[in-house]
Amino acid sequence: MVRLKRETIVAQIGNKKCEKTGAVNMPIYLSTAYRHEDIGRSTGFDYTRTGNPTRDALQEALAVLEDGYQAFATSSGMSAIQLVFEKFQTGDHIISIQDIYGGSFRLFQQMEAKYQIAFSYWDGNVIDDLTELIRPESKALFIETPSNPLMRELNLAELAQFAKEHRLLFIVDNTFYTPVFQRPLAQGADIVIHSATKYLGGHNDVLAGAVIVKDPSLAAFYEETLNAIGCVLAPFDCWLLIRGLKTLYLRMKQHQENAQAVAAFLEGHPLVQQVLYPGKGGMISFYIQDERLVSPLLRTLKLFTFAESLGGVESLITYPATQTHADIPKKVRDSYGLTNQLVRLSVGIEAKQDLINDLSQGFSKVEAEVGIG
Ligand SMILES: *Cc1c(COP(=O)(O)O)cnc(C)c1O
């Protein structure tokens, strides 16, 4: 049979899973325990932490979407990262990039303090600088691309080659682009993680994470570890995520179309100093002319909600300095461009002209109010 396209696979997640009832929509199996016929005989399900049919349907789809061998649905994006890092121990060294999600940076700081796992941060520019960070105890390279919130794309194939040469596990947080725009495993990464709270879920209504791996022995390690730890995604949340995934391709298309239009509008606006948009996806960052404009702008926008997340159908505006990246010291932030003038948009799927009109009226009001421009 011809391999089905991903659009088809997501639309059909959970269909034909229940022989008995013919349910088209994936049933939510809340049962935590599963009856055994006899000693050593089971339906394949014993206890919900170890395995759950609703979670299985989701995980199967996630693995296919990301070109992986196996996927794991976790209770949050952060627990997905925590699970991945169970592979490492005291004395290990990890290389990451500077421009990453603030929560990841915070977790790494904690691992450094509590477990003496060392971290080095690369600025994402020259690969020779990355080579200099390598130590005998280096175990992994952890990146986000596009970077967050500066939206710089890194070359996955080149980094995969580098990781291979230095025997590093190559871990990519694919939250921003999703498998619709980028499939890191196909380009040589070993592990993909997601905050599925964002685009995969897509509706600002479920906290979830995902880990997808390519190598069967790595998959076996994570299966065992996830069962041991128990940070699995609950059945109802699995169902919400399945529901969200069904429209992933439709949504991403609209997010991108809208973001391209909003980016073009911002490019031409006198109050905008610089637009950071890689041309793909739904996330845009920009530098506003003056830091004093930020707060009034946040207050005057009517459609863009000032909130700390991304990837949902509703457009959001985030101020990384005090929200997503508040745990990174100001001096460090400033040194790589995450300044107090930086604002981040998660462009939703509303009518793009309405979004542009909202920004336009917002800029006009703040210009009058603050008297800069
Ligand atoms: C939100 C986010 C996380 C953390 O995920 P949670 O679901 O909030 O735990 C990790 N990485 C990126 C890129 C994120 O945006």
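The structure displayed is predicted, hence computed values, not measured ones.

Enquirer: Which residues make up the site of the ligand, and what values do they have?
Expert: The immediate surroundings of the ligand are formed by 14 residues, with Gly77, Asp173, Ser195, Thr197 and Lys198 found nearest. Contact distances for the ligand include 2.7 Å between an oxygen atom and a side-chain N or O atom of Lys198. In the complex, the protein chains occlude 93% of the 380 Å² of accessible area that the ligand would expose alone. Taken together, the residues that form the shell around the ligand break down as 5 nonpolar, 6 polar and 3 charged.

Enquirer: Can you lay out the domain arrangement of the protein for me, pointing to particular residues and giving the numbers?
Expert: According to the domain assignment, the protein consists of domain 1 (6-245) and domain 2 (249-366). Each of domain 1 and domain 2 has a C-alpha centre, and these two points are 27 Å apart. Across the interface of domain 1 and domain 2, roughly 2,800 Å² is buried in total on both sides, 63% from carbon and sulfur atoms. Between the two partners, domain 1 and domain 2, sit 2 salt bridges. Here Arg106 ties to Asp327 by a salt bridge, and the two come within 2.9 Å at their closest N and O atoms. For the interface between domain 1 and domain 2, the tally reads 11 residue pairs in polar contact (both at pLDDT 80 or more). At the level of elements, α1 (6-11), α4 (102-115), α7 (178-181) and α9 (235-245) are the ones that each hand at least two residues to the side of domain 1 that touches domain 2. Within the side of domain 1 that touches domain 2, the residues separate by chemical class into 17 nonpolar, 11 polar and 6 charged.

Enquirer: Tell me about the packing of aromatic side chains, and please be specific about residues and values.
Expert: Scanning the model with the defined rule gives 14 aromatic pairs in all. Residues Tyr34 and Phe45 carry aromatic rings whose centres are separated by 5.7 Å and whose planes lie at 40° to one another, so their mutual orientation is tilted. Of this pair, Tyr34 sits in the loop between α1 and α2 (53-65) while Phe45 sits in the loop between α1 and α2, and the two are 11 residues apart along the sequence. A network of ring pairs unites the aromatic residues Phe85, Phe88, Phe105, Phe108, Phe119, Tyr121 and Phe142 as a single cluster. Directly above the ring of Phe221 sits Lys87, whose terminal nitrogen or CZ lies 4.2 Å from the centroid. Stacked on the ring of Tyr101, the Lys or Arg Lys198 has its end atom at 5.2 Å from the ring centre.

Enquirer: For the pairing of strand β6 (residues 191-195), give the residues involved together with the corresponding values.
Expert: Both faces of the sheet carry side chains from a regular strand, because those side chains alternate between them. Burial within β6 is extensive, with 5 of its 5 residues counted as buried. Neither face of β6 is left uncovered, since the one carrying Ile191, Ile193 and Ser195 and the one carrying Val192 and His194 both have all their residues buried. The pairing of strand β5 (residues 169-173) with β6 spans 3 bridges and is classified as parallel. Opposite Asp173, over in β6, you have Ile193 as the bridge partner. Inspection of the sheet shows β6 paired to strand β7 (residues 209-213) by 5 bridges, in the antiparallel sense. Residue pairing in the sheet places His194 in a bridge with Ala210 of β7.

Reading the values: the criteria
- Residues numbered from 1 in each chain as written.
- Predicted model: local features only at pLDDT ≥ 70, side-chain atom pairs only at ≥ 80, totals over all residues.
- Heavy atoms only, no water.
- Near = heavy atom within 4 Å.
- Polar contact = N/O pair within 3.5 Å; in protein donor to acceptor, adjacent residues only side chain to side chain.
- Areas by Shrake-Rupley, 256 points an atom, 1.4 Å probe, with all protein chains shown as cover.
- Nonpolar A, V, L, I, M, F, W, Y, C, P; charged D, E, K, R; others polar.
- Domains from an automatic or database assignment.
- Buried area = accessible area lost by both parts, 1.4 Å probe.
- Salt bridge = Lys/Arg side-chain N within 4 Å of Asp/Glu carboxyl O.
- Helix = DSSP H or I, 4+ residues; strand = E, 2+ residues; numbered from the N terminus.
- Phe/Tyr/Trp six-rings, centres within 6.5 Å; stacked < 30°, edge-to-face > 60°.
- Lys NZ or Arg CZ within 6 Å of the ring centre and 35° of its normal.
- Buried < 20%, exposed > 50% of the residue type's maximum accessible area, 1.4 Å probe, protein only.
- Pairing = 2+ DSSP bridges.

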